[in-house]
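# What the coordinates show
One letter stands for each residue in the lines below.
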Amino acid sequence: MSAAGSLDLKVYRDADQLAAKAAVAVARAAAESIRHRGRFTLVLSGGSTPRKTYALLAEGDGETNVDWSRAYLFFGDERHVPHDDERSNYGMARESLLSVAPIPSEQVLPIPTGLPTAEACAEAYSTALAKFFALPSGTMPIFDLVLLGLGDDGHTASLFPGAEALGVDDRIATWSPPGTLPPPVDRITLTYPAINAAREVLFLVAGENKAEAVQDVLEGGADKQRRPAAGVRPEAGRLMWMLDEAAAGRLKNSG
Ligand code: 6PG
């Protein structure tokens with residue numbers, strides 16, 4: 001899908017097939033971005049679902065090969081914990097991808113978590129992104145690809161139901177108190193404008209526990225306050241959902 005409104009949805013047998021196809025999709029996006037713009041700016045999602053995809057990208061054989069010398073990696077959200085904490089999204093990416101693939105460390109921009117508050121970390125990340133993309137004040141970065149997950153409450157990144165962060169539209173990143181799902185720590189997250197400015201947004205969702213939220217967002221017309229993933233509507237970019245059959249189990253039209 002490229003036109004706003006139509007939905008690009010792919011359903012795979014299980015989480016392993018989803019991970020394999022997602023790695024191919026990321027590698028293809030990388031090749032296209034590098035061909036057209038000389039670099040690939042990729043936002044990694046957290047949680048557990050993408051771990052297999054990152055490990056396949058780190059192996060990089062055949063269709064999952066990426067020219068990491070041209071890739072720049074960012075994070076969609078982070079927990080306000082040290083990067084070596086087991087709850088850290090950066091820590092998961094480092095284990096599965098960053099410590100394996102030949103990615104120049106200066107081309108990875110983790111969300112800083114060492115400042116006293118998540119709010120200060122979010123401000124620091126917004127500043128770092130504005131500097132990296134040499135942004136005029138008040139404008140958003142245009143990432144080539146943003147990977148997102150979905151919580152079973154319909155949250156994405158760290159945009160939680162009913163949170164103030166859902167209404168932040170003048171910053172690249174903001175902070176949020178914990179949602180109802182673990183871990184109960186403050187978060188830093190990209191805002192809707194930063195996500196929706198992307199050239200492509202790809203949701204990777206697996207598991208029966210996500211099926212109700214998936215159906216609500218994709219077919220139920222849920223509003224973003226109740227199911228924040230519904231607020232991901234790239235202005236000009238492509239929106240794609242890659243699901244396993246379990247997560248797609250309640251969809252009426254899953255192709
Ligand atoms: C986080 C993630 C979050 C995640 C969903 C799904 O920090 O937890 O960024 O948005 O993508 O909660 O998590 P799972 O993949 O673990 O189900």
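Everything below is about the structure shown above.
Residues numbered from 1 in each chain as written. Predicted model: local features only at pLDDT ≥ 70, side-chain atom pairs only at ≥ 80, totals over all residues. Heavy atoms only, no water.

Quick look at the pattern of salt bridges now. Tallied over the full model, the rule gives 14 salt bridges. The partner of Arg-13 in a salt bridge is Asp-14, and the shortest N-O contact between them spans 3.4 Å. For Arg-13, a relative accessible area of 53% translates into the label exposed. The partly exposed category is assigned to Asp-14, whose relative accessible area is 29%. (Salt bridge = Lys/Arg side-chain N within 4 Å of Asp/Glu carboxyl O. Buried < 20%, exposed > 50% of the residue type's maximum accessible area, 1.4 Å probe, protein only.)

Our focus in this paragraph is the site of the ligand. Around the ligand sit 15 residues in total, of which Ser-48, Thr-49, Asp-77, Ala-157 and Lys-210 are the nearest. His-155 has a polar side-chain atom sitting 2.8 Å from an oxygen atom of the ligand. One nitrogen or oxygen atom from the side chain of Lys-210 is found 2.7 Å from an oxygen atom belonging to the ligand. Within the complex, 87% of the 420 Å² of free accessible area of the ligand lies under protein. Along the lines of polarity and charge, the residues of the shell around the ligand split into 2 nonpolar, 9 polar and 4 charged. (Near = heavy atom within 4 Å. Polar contact = N/O pair within 3.5 Å; in protein donor to acceptor, adjacent residues only side chain to side chain. Areas by Shrake-Rupley, 256 points an atom, 1.4 Å probe, with all protein chains shown as cover. Nonpolar A, V, L, I, M, F, W, Y, C, P; charged D, E, K, R; others polar.)

One recurring pattern in soluble globular proteins: nonpolar side chains tend to sit buried together. Leu-73, Leu-97, Trp-241 and Leu-243 are the most contacted members of the largest nonpolar core, which has 80 residues in total. For this core, the leading source of residues is helix H1 (residues 15-37), giving 8 residues. (Core = buried A, V, L, I, M, F, W, Y, C linked by side-chain atoms within 4.5 Å. Helix = DSSP H or I, 4+ residues; strand = E, 2+ residues; numbered from the N terminus.)

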